[in-house]
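Tertiary structure, described
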Amino acid sequence: MPRDLNQSELRDRVADLNARYRHHSATSVLEGALRDPDAGDLAMVSSFGAESVALLHLVAMVDRKTPVLFIDTRLLFAETLTYQQEVAERLRLENLRIIKADRATLDSRDPYGALRLSDTDACCALRKTEPLNAALDGYDGWITGRKRYQSGTRAALDFFEIEDGTDRIKLNPLAHWTPEDVRAYMEENRLPKHPLVAQGYPSIGCQPCTSKVAPGEDPRSGRWRGQDKEECGIHFVNGRAVRGGTKQGEQA
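Each chain carries its own residue numbering, running from 1 in the direction its sequence is written. In keeping with the model being predicted, local features are shown solely for residues with a pLDDT of at least 70 and side-chain atom pairs are shown and tallied solely at 80 or more, while totals for entire chains, interfaces and linings include all residues. Hydrogen atoms and water are omitted, and side-chain values are computed over all heavy atoms in the structure.

1. Concerning empty space enclosed by the protein
Here a cavity denotes a set of grid points, spaced 1 Å apart and computed over the protein atoms alone, in which a 1.4 Å probe fits but from which it cannot get out, and a pocket denotes an open set meeting protein on both sides within 12 Å along at least five of seven lines; residues with an atom within 4 Å of a point are reported as lining. Grid points are joined across faces, edges and corners, and a volume is the space filled by probe spheres set on the points. Under the criterion given, the structure shown has two cavities of 30 Å³ or more. Empty space within the largest cavity amounts to approximately 100 Å³. If you go around the largest cavity, you meet 14 residues; those closest to its centre are Cys124, Lys128, Cys206, Cys209 and Trp224. Helix and strand assignments come from DSSP, with helices taken as H or I runs of at least 4 residues and strands as E runs of at least 2, each series counted from the N terminus. The element that contributes the greatest number of residues to the lining of the largest cavity is helix α7 (residues 120–136), accounting for five residues.

Given below as C-alpha cells:
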C-alpha cells in the first residue's frame, strides 16, 4: 500500500501516477484511481458546497459505495445541511459519513463558541482538520474537489500529490476544470445547485465566516473577509494556513 512506502518511494509512486493519468479525463482518472493499487484505499471528502455536486455526481457514477466524508463543523448554514441530505439522497450515495468534533473536545477548547473571533485557524483546526484527520486514519488517500483556477496557491495542482505530514495521497480529479466546465457539467446532468449560490454566496463555508460576494469580486473573497486567510486549513499541515504563495512541493 502507498503508506507503507518511504518518502522517496512515495514520491516516485505519485510521479508515476501523474504520468500514467496525465492525459486522462476527470472521470477516467477517478475510475482508474479507485481501482489502482498504486493509489491505495481512497475516501472522498466533500463540503457539499457551491460546486461539490459535480464531483459527488462523478463519484456516484463510478462507485456509489465510495466513502464520502462530510465535516459538520456545527457552524454551517442550515441550507448546507439540508442540501447535503437532498444531494446524498438524489445521488444515492451508499457510504456517506458525517464527521464532527466530539462535544467534550468542543466544550474544552471552545466552550462559548467564540474561538473563531480570536483565532480562526485554531477554530478551523478544532472543527475541521482534526476531525478529518481522525476520520481518514486507515485510508491511503482522499479525493478532493480542488481546482487550479480557485487560487494562486493551486495554479500548478496535479491529479495526484502527497499530503505533508501524513504521507497520504490526495487525488484532485477536477484539477484542470474551469468554472465553465463545472457549470456545463451541472447543467448537462441537471444537478441541484446549493440554494445559497443564488443569494450571492459562490463559495460557502461556515456561516459566521462566510459573507456575500459582490459582482466582480473574487468568488472566494467572501471567505474570512478582511483576514489574511485563504484556506480553512484542511489542506495544510496541522491545520495551519500558509500565508501568501506556496513554494513548489508545499500543499495548497
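2. What about helix α2 (residues 26–35)?
Only protein chains enter the accessibility calculation, which uses a 1.4 Å probe; a residue is then buried when its area is under 20% of its type maximum, exposed when over 50%, and partly exposed in between. Buried within α2 we find Ala26, Val29, Leu30, Gly32 and Ala33. Elements that come into contact with the buried residues of α2 comprise α1 (7–21), β1 (42–46), α3 (52–62), β4 (141–143), β5 (160–162) and β6 (169–171). Two residues qualify as a contact provided that any one of their heavy atoms is within 4.5 Å of a heavy atom in the partner residue.

3. So, unusual backbone geometry
The phi dihedral of Phe48 falls on the positive side, at around 50°, and the residue is not glycine. Inspection of the secondary structure assignment puts Phe48 in the loop between β1 and α3. Located in the positive-phi region is Arg92, a residue other than glycine, with phi close to 55°. Looking at where Arg92 falls in the secondary structure, it is placed in the loop between α4 (78–91) and β3 (96–99).

4. Let's talk about the nonpolar core
Nonpolar cores were defined as sets of buried Ala, Val, Leu, Ile, Met, Phe, Trp, Tyr and Cys residues, with membership established by side-chain atoms within 4.5 Å. Counting residues in each nonpolar core, the largest one holds 51 residues, and the members touching the most others are Phe48, Leu56, Leu58, Phe160, Leu171 and Trp177. It is α3 that provides the largest number of residues to this core, a total of eight residues. When near neighbours in sequence (up to four residues on either side) are disregarded, Leu58 contacts Ala26, Thr27, Leu30, Leu174, Trp177 and Tyr185. In this structure, Ala43, Val45, Ile99 and Trp142 belong to the second largest nonpolar core, which totals nine residues.

5. Points about the pattern of salt bridges
A pair is scored as a salt bridge if a Lys or Arg side-chain nitrogen falls within 4 Å of a carboxyl oxygen belonging to Asp or Glu. Enumeration over the complete set of coordinates arrives at twelve salt bridges. Put simply, Asp72 and Lys100 hold a salt bridge, and the shortest N to O gap is 3.7 Å. Linking Asp72 in the loop between β2 (68–71) and α4 with Lys100 in the loop between β3 and α5 (103–109), this pair joins segments that are 28 residues apart in sequence. Note on Asp72: relative accessible area 10%, which makes it buried. On the basis of relative accessibility, which here comes to 42%, the residue Lys100 falls in the partly exposed class. Ionic pairing is found between Glu180 and Arg183, a salt bridge with its closest N-O pair at 3.2 Å. Of this pair, Glu180 and Arg183 are both found in helix α8 (residues 179–188), three residues apart, which corresponds to roughly one turn of the helix.

6. Structural notes on the side chain of Ser203
Along the chain, the position of Ser203 falls in the segment after α8. The buried category is assigned to Ser203, whose relative accessible area is 10%. A polar contact of 2.8 Å, which involves the side chain of Ser203, links it to the side chain of Arg223. Excluding anything up to four places from it in sequence, Ser203 contacts Thr210, Pro219, Arg220 and Arg223. Here a polar contact is taken to be a pair of N or O atoms separated by no more than 3.5 Å, where protein atoms must pair a possible hydrogen donor with a possible acceptor and residues adjacent in sequence count only if both atoms sit in side chains.

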